[in-house]
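# Remarks on the overall topology
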Amino acid sequence: MTIQIGGYQGARSCTGGPTQGARNLMSWWLGAYGSRGATNLGIYNCRPVSGGSVLSVHAEGRAADLGAPVGNPWSWGVMDTFRLNSQELGLQCVIHDRRIWSSIAPDWRPYSGSSPHTDHGHVELMWWAANGGLTVDRLNQVMGGGTPPPPPPPAMPVLRLGSTGDAVRRLQETLNRWYPSLPPLAVDGDFGPRTDARVRYFQGRAGLVADGIVGPATWRALGF
Ligand SMILES: [Zn+2]
């Protein structure tokens, strides 16, 4: 169980069809989760990333769009298991439900692209995996063949003035990304008066009650 770090392979040209590895991933997905509503939303597509000019990895047939019913309780766990085993599976990017993981960093980040990816997981393969390294057997071995996926990660904790720790650090980083033109908050994991003021500022502009308490609605508005 290892997260792939580095080695991201962008798309260079339209290659004409899906790769074997992406086809294997799709057939594993349909076999393992078809009874829960999993669908095939496509592999090969000669197009740029939606809303951009960079060529999508779909253009090399190395990305699969794994369809899943909106709001289901299980696909998030599968996507996180992809991330956690990305080195063994040869995966370089997963996008699902407003979050993205790619091999430039170990953790999920908020995804702000034009599609929220609530009805599918976009999963990209590195070339070795696309060229057949990713087999159904390998997926069954690493992921389990439709065994219940792990529970979703714990919800982000409620934070307020005086809170400390990693979640506060993520909050501070995120607020700094939201407001690059404001003086940056120190990413120190310490929810002090400056962080409190920035949270209230964010909440006011997001149409939330500006109470400085970072609960589920504020986390969601921040992109988590
Ligand atoms: Zn996609």
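Residues numbered from 1 in each chain as written. Predicted model: local features only at pLDDT ≥ 70, side-chain atom pairs only at ≥ 80, totals over all residues. Heavy atoms only, no water.

Looking up the protein in an unreviewed UniProt entry gives the name Peptidoglycan-binding domain 1 protein, with the organism given as Geodermatophilus obscurus.

## Examining the overall build of the protein
The helix and strand inventory of the protein stands at eight helices and six strands. Overall, the protein shows an N-to-C arrangement of helices and strands of α-β-β-α-α-β-β-β-β-α-α-α-α-α. Taken over C-alpha atoms, the radius of gyration comes to 19 Å for the protein, in line with the 17 Å a tight globule of 224 residues would show. Projected onto the principal axes, the alpha-carbon positions of the protein cover approximately 55 × 40 × 30 Å. For the protein, the proportion of its 224 residues judged to be buried stands at 44%. If you take every contact in the protein between residues at least 6 apart in sequence, the share linking residues at least 24 apart comes to 64%. Accessible surface, the protein as shown: approximately 10,600 Å² in total, 55% of it carbon and sulfur. Between the averaged position of the 19 positive side-chain charges in the protein and that of its 15 negative side-chain charges there is a distance of 4 Å. (Helix = DSSP H or I, 4+ residues; strand = E, 2+ residues; numbered from the N terminus. Rg over C-alpha atoms; globule rule 2.2 N^0.38 Å. Buried < 20%, exposed > 50% of the residue type's maximum accessible area, 1.4 Å probe, protein only. Contact = heavy atoms within 4.5 Å. Areas by Shrake-Rupley, 256 points an atom, 1.4 Å probe, with all protein chains shown as cover. Lys, Arg positive; Asp, Glu negative; His and termini not counted. Charge placed at Lys NZ, Arg CZ, Asp CG, Glu CD.)

## A short note on the sheet that holds strand β2 (residues 63-67)
Two modes of strand pairing occur in sheets, parallel and antiparallel, and in both the strands are linked by backbone hydrogen bonds. Strand order across the open sheet formed by six strands is β1-β2-β6-β3-β4-β5, with antiparallel pairing between neighbours. Of all strands in the sheet, those bounded by a partner on one side alone are β1 (39-40) and β5 (109-110). Both strand β4 (residues 99-102) and β5 contribute to a ladder of two bridges, which runs antiparallel. Note on β5: the bridge partner recorded for Ile 100 is Arg 109. The sheet contacts of helix α1 (residues 20-33) involve β1, β2 and β6 (120-125), and relative to β2 the element is tilted by about 10°. Along the sheet face, helix α2 (residues 75-84) touches β2, β3 (91-96), β4 and β6 and points at about 160° away from the line of β3. (Pairing = 2+ DSSP bridges. Axes fitted to C-alpha atoms, helices over the stretch in contact; angles between N-to-C directions.)

## Things to note about the pairing of β2
Of all five residues in β2, five are buried; the element is thus mostly enclosed. Pairing analysis gives two bridges linking β1 to β2, with the strands arranged antiparallel. Note on β2: the bridge partner recorded for Asn 40 is Leu 66. Pairing analysis gives five bridges linking β2 to β6, with the strands arranged antiparallel. Pairing of Ala 63 across the sheet is with Glu 124, part of β6.

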